Amino acid sequence: MFIEDFKINSNIKIAENTFVIGVESNQKVDDLKPGQFFNIQVSENYFPLLRRPFSISDVQENKIFFMYKIVGEGTQILSKKKVGEKINLLGPLGNSFNLQDNFENLILIGGGIGIAPFPFMIKQICDKNLKVLYGVKSKNEAHNFGLKNVIYSSEDGKIGIKGNVIDLLDEELKNLEFEKTKIFACGPNAMFRALQKYLSDKNILCEVSMESAMACGFGICQGCPTEHKNSDSYKLICKDGPIFNIRDIVI
Amino acid sequence: MNEIDLSVNVGPLKLKNPIMLASGTVGYGNEISEFIDLSKVGAIITKSISLKPRKGNPPQRITETPSGMLNAIGLTNVGVEEFIKTKIPFLEKLNSTLICNIAASSIEEYVECVEILNSQESIKGFEINVSCPNVREGGLIFGNDINNVGKITEKVRAKTSKPLIIKLSPNTSNIFEFAKVVKKEGGDAVSAINTLVGTSFNIYTRKPKIKNITGGLSGPAIKPVALAKVLEISRNVDIPIIGIGGIMDWKDAIEFMIVGASAVQLGTVNFINPKAGIEIMDGLINYCKQTSTNKISDLISSRILE
Ligand SMILES: Cc1cc2nc3c(=O)[nH]c(=O)nc-3n(C[C@H](O)[C@H](O)[C@H](O)COP(=O)(O)OP(=O)(O)OC[C@H]3O[C@@H](n4cnc5c(N)ncnc54)[C@H](O)[C@@H]3O)c2cc1C
Ligand SMILES: Cc1cc2nc3c(=O)[nH]c(=O)nc-3n(C[C@H](O)[C@H](O)[C@H](O)COP(=O)(O)O)c2cc1C
Ligand code: FES
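Notes on the structure follow. (Residues numbered from 1 in each chain as written. Chains lettered and ligands numbered in written order. Predicted model: local features only at pLDDT ≥ 70, side-chain atom pairs only at ≥ 80, totals over all residues. Heavy atoms only, no water.)

## Remarks on the overall build of chain B
- Secondary structure summary: chain B contains 9 helices and 14 strands in total.
- Relative to the globule expectation of 19 Å for 306 residues, the C-alpha radius of gyration of chain B, 18 Å, shows essentially globular dimensions.
- By principal-axis analysis of the C-alpha atoms, chain B measures approximately 55 × 50 × 40 Å.
- The buried share of chain B, reckoned over its 306 residues, is 61%.
- Long-range contacts, defined as pairs at least 24 residues apart, comprise 73% of the intrachain contacts of chain B with a sequence gap of at least 6.
- About 12,300 Å² of surface is accessible on chain B, with carbon and sulfur atoms providing 50% of the total.
- Positive and negative charge centroids in chain B, built from 34 and 30 side chains respectively, lie 5 Å apart. (Helix = DSSP H or I, 4+ residues; strand = E, 2+ residues; numbered from the N terminus. Rg over C-alpha atoms; globule rule 2.2 N^0.38 Å. Buried < 20%, exposed > 50% of the residue type's maximum accessible area, 1.4 Å probe, protein only. Contact = heavy atoms within 4.5 Å. Areas by Shrake-Rupley, 256 points an atom, 1.4 Å probe, with all protein chains shown as cover. Lys, Arg positive; Asp, Glu negative; His and termini not counted. Charge placed at Lys NZ, Arg CZ, Asp CG, Glu CD.)

## Points about the site of ligand 2
- Every one of the 24 residues lining ligand 2 counts as a neighbour, but Ser23, Ser48, Lys167, Gly246 and Thr268 of chain B are closest to it.
- The environment around ligand 2 is built from residues contributed by chains A and B.
- Contact distances for ligand 2 include 2.8 Å between a nitrogen atom and a side-chain N or O atom of serine 48 of chain B.
- Contacts to ligand 2 include lysine 167 of chain B, whose side-chain N or O atom sits 2.7 Å from an oxygen atom.
- Relative to its unbound accessible area of 610 Å², ligand 2 is 98% covered by the protein chains.
- In terms of residue class, the shell around ligand 2 is made up of 8 nonpolar, 14 polar and 2 charged. (Near = heavy atom within 4 Å. Polar contact = N/O pair within 3.5 Å; in protein donor to acceptor, adjacent residues only side chain to side chain. Nonpolar A, V, L, I, M, F, W, Y, C, P; charged D, E, K, R; others polar.)

## Thoughts on the sheet that holds strand β1 (residues 2–15) of chain A
All names here are of chain A.
- In space, the 7 strands of this open sheet follow the order β4-β3-β7-β1-β2-β6-β5, with antiparallel pairing throughout. In this open sheet, the two edge strands, each paired with only one partner strand, are β4 (52–55) and β5 (58–60). The mean inter-strand angle of the sheet, taken between neighbouring strand axes irrespective of direction, is 35 degrees. (Pairing = 2+ DSSP bridges. Axes fitted to C-alpha atoms, helices over the stretch in contact; angles between N-to-C directions.)

## A look at helix α2 (residues 107–118) of chain B
- For α2 of chain B, with 12 residues, the first-to-last C-alpha span of 16 Å sits near the 16 Å given by 1.5 Å per residue.
- Of the positions making up α2 of chain B, those classed as buried are Ile107, Glu109, Tyr110, Val111, Cys113, Val114 and Leu117 of chain B. (Expected span 1.5 Å × (residues − 1).)

## A look at the interface of chain A and chain B
- Contacts between the two partners involve 28 residues from chain A, matched on the other side by 33 residues from chain B.
- Roughly 2,600 Å² of surface becomes buried between chain A and chain B when both sides are summed, with 66% attributable to carbon and sulfur atoms.
- When the buried area of chain A at its contact with chain B is split by residue, Tyr46, Leu49 and Ile220 of chain A rank highest and sum to 26% of it.
- Where chain A touches chain B, the interface holds 3 salt bridges.
- At the boundary of chain A and chain B, one finds 8 residue pairs in polar contact (both at pLDDT 80 or more).
- Across the side of chain A that touches chain B, the residue classes break down as 18 nonpolar, 5 polar and 5 charged. (Buried area = accessible area lost by both parts, 1.4 Å probe. Salt bridge = Lys/Arg side-chain N within 4 Å of Asp/Glu carboxyl O.)

## Some thoughts on the packing of helix α3 (residues 165–173) of chain A against helix α4 (residues 189–199) of chain A
Residue and element names in this part refer to chain A.
- Here α3 crosses α4 at 30 degrees, and the two axes come no closer than 10 Å. The orientation of α3 with respect to α4, classified from their angle, is roughly parallel. Here α3 runs over α4; the crossing is right-handed. On the side of α3, the interface is formed by Val165, Ile166, Leu169, Asp170 and Leu173, while α4 contributes Met191, Ala194, Leu195, Tyr198 and Leu199.
- Classifying every residue of the contact of α3 with α4 gives 9 nonpolar, no polar and 1 charged. (Parallel < 35°, antiparallel > 145°, perpendicular 65-115°, else oblique. Left-handed = near helix turned anticlockwise from the far one by under 90°.)

## Points about the packing of aromatic side chains
- Using the criterion set out here, one finds 11 aromatic pairs over all chains in the structure.
- Summarising the aromatic geometry, the rings of phenylalanine 2 of chain A and phenylalanine 38 of chain A are spaced 5.7 Å apart at their centres and angled 50 degrees between planes, so their arrangement reads as tilted. Of this pair, phenylalanine 2 of chain A sits in strand β1 while phenylalanine 38 of chain A sits in strand β3 (residues 37–41), and the two are 36 residues apart along the sequence.
- Looking at phenylalanine 38 of chain A, the relative accessible area reads 0%, which means it is buried.
- Among the aromatic residues, ring-to-ring pairing joins Phe2, Phe6, Phe38 and Phe66 of chain A into one connected group.
- Above the face of the tyrosine 198 of chain A ring, lysine 202 of chain A is positioned so that its terminal group lies 3.8 Å from the ring centre.
- The positively charged end of lysine 55 of chain B is found above the aromatic ring belonging to tyrosine 234 of chain A, 4.5 Å away from the centroid. (Phe/Tyr/Trp six-rings, centres within 6.5 Å; stacked < 30°, edge-to-face > 60°. Lys NZ or Arg CZ within 6 Å of the ring centre and 35° of its normal.)

## Let's talk about helix α1 (residues 80–93) of chain B
Residues and elements named next belong to chain B.
- In a regular helix each residue adds 1.5 Å, so 14 residues correspond to 20 Å; α1 covers 19 Å between its end C-alpha atoms and thus fits that length.
- Largest kink in α1: about 50 degrees, centred on lysine 87, with the proline proline 89 one to four residues after it.
- Following α1 by one or two positions, asparagine 95 has its phi on the positive side, about 60 degrees. (Bend = angle between axes of the 7 residues up to and from the residue.)

## Some words on the site of ligand 1
Residues and elements named next belong to chain A.
- Around ligand 1 sit 18 residues, and of these Arg52, Pro53, Gly74, Thr75 and Glu211 come closest.
- In the environment of ligand 1, an oxygen atom lies 2.6 Å from a nitrogen or oxygen atom belonging to the backbone of proline 53.
- With respect to ligand 1, the backbone of serine 55 contributes an N or O atom lying 3.0 Å from a nitrogen atom.
- If ligand 1 stood free it would expose 860 Å²; the protein chains cover 71% of that surface.

## Considering the sheet that holds strand β12 (residues 181–186) of chain A
All names here are of chain A.
- Spatially, 7 strands are ordered β11-β10-β9-β8-β12-β13-β16 in an open sheet, and the strand pairing comes out mixed. Among the strands making up the open sheet, the edge pair consists of β11 (161–162) and β16 (243–245).
- Bridge count between strand β8 (residues 105–111) and strand β9 (residues 129–136): 7 bridges; the pairing is parallel. Following the sheet pairing, glycine 111 is matched in β9 by glycine 135.
- Lying on the sheet, α3 is in contact with β8, β9, β10 (150–154), β11 and β12; it crosses β9 at an angle near 155 degrees.
- Relative to the sheet, α4 contacts β8, β12 and β13 (205–209), its axis offset from that of β12 by approximately 160 degrees.

This is the structure in structure tokens:
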């Protein structure tokens, strides 16, 4: 883990309210794993005070990329950052998606900005039978930045099927053997709830990346607990997660 | 130029410098030690420990506020037994001054905790938390009762000869009365302040942002309040004060010392910059050089009020 100023290389809009910021260090950044995140200081003063967590979207030698959606003050400030400015990163934080298992088919499910960690991940699983199921509210939100084999669903039906990612998954799983298939998902809690219910009677492995309000991001504030089915105490989303087996989480 | 003398005394507690890391904002040291050499700061204070483990409050536990944050962690901790078994061995190796913060639901529980921990050589002092706003029992209602605070000080004092600090709540209109009682009953110092009770609502759902409804406000937003409380105690009671509340940089730390603090604690800033303790120390040294202050302790209560 490190705390370091990075220089902003690019900060481009890729879809409605959605940006990718690229930052560069003097040294090579290695040992970053898909699913990990950084806590980024978006403001130089005390407003907003806390750092903001963002998943690693891509890594190229000494550059790291973060895909983000403007939802409030912090992400608004981030979107205004100019090339050449410095920005402070704390990380890498959290555990990572487990890509070691030998599964023939991988299904990546992204709900909205939950798609963010997948471009980095896809690079490391290129020889797999891979599908990305990407659920968006509207067509304007959709993009294919660093993604491949994407199937969309949208609430208004203007891109992909009209419906949600569970509908897409149901369709996809018809042709696949469950034991040879693994699912990775990232998105809002409502999506996880639906996914958990849908998978409850199916023997299929699924890892999810959870979100939480965070103050520190590395386990000292106890601010990001989540109930865990196999534990009496809470797990910390920042340190024990953010990746959990969907069967273990209580949402 | 001579080396600056950064050491301070907080009653019988001797610190190599006035920078302490506040309870609840360093965990048990292991995570934050990846970023900061804990042997360099004056002292570290553990997350409040209670007799039995506490699971803490359900999420959502924190939310951000203008220049601050609200938390309702609910004193999550591993309990005294587990603390001795699994946390002390790491803390011992740090070569840092270790202060143990204790929370409890009854006077007897405070006493029992101190009794159990007193024999641990690595613990150099106790900070008694009578001011957590986020738990029903043993929290504010308890700590806002001056008789209770007096009794806790008296009973705990009887069990330990190590430095005894009582951490006071700002959620009272007369904090100095509490400091007076602490002194009378044999406490060595007071910490001021713990968090202020606050709340925050989502205007669209009309629901509170944290599950506990209210939480403890910390961060730069509370600094003026904390300074005023330190000043109030300092003007009325002759007892060493540890200043806490919204310290973000070396200037804040100096301000607290001038107003009356013998040492300071860093809280929320550790979340944003876990190296802050060291950076602030560098700032103190520079300030001392700039102002020809050879001993940082000369700053304590050096305020000029008129
Ligand atoms: C491990 C982790 C990885 C993340 N990765 C990404 C990512 O790659 N790209 C991305 O765009 N976002 C990501 N997020 C969410 C991102 O951190 C928040 O959107 C951001 O902190 C909001 O900051 P803000 O100041 O703009 O919004 P605020 O003004 O703080 O809040 C605006 C709205 O966003 C919601 N919000 C705030 N913080 C979070 C949060 N942590 N999770 C969910 N909702 C939140 C608030 O409830 C509120 O409704 C991640 C969060 C976590 C915990
Ligand atoms: C997340 C969090 C957890 C805390 N937990 C404790 C605790 O367990 N015991 C305690 O005495 N104080 C606790 N505090 C209070 C701090 O020690 C400190 O008094 C307060 O945050 C004010 O300082 P600050 O503004 O520098 O953060 C906690 C504060 C925060 C923000
Ligand atoms: S965000 Fe601080 S412990 Fe997880």
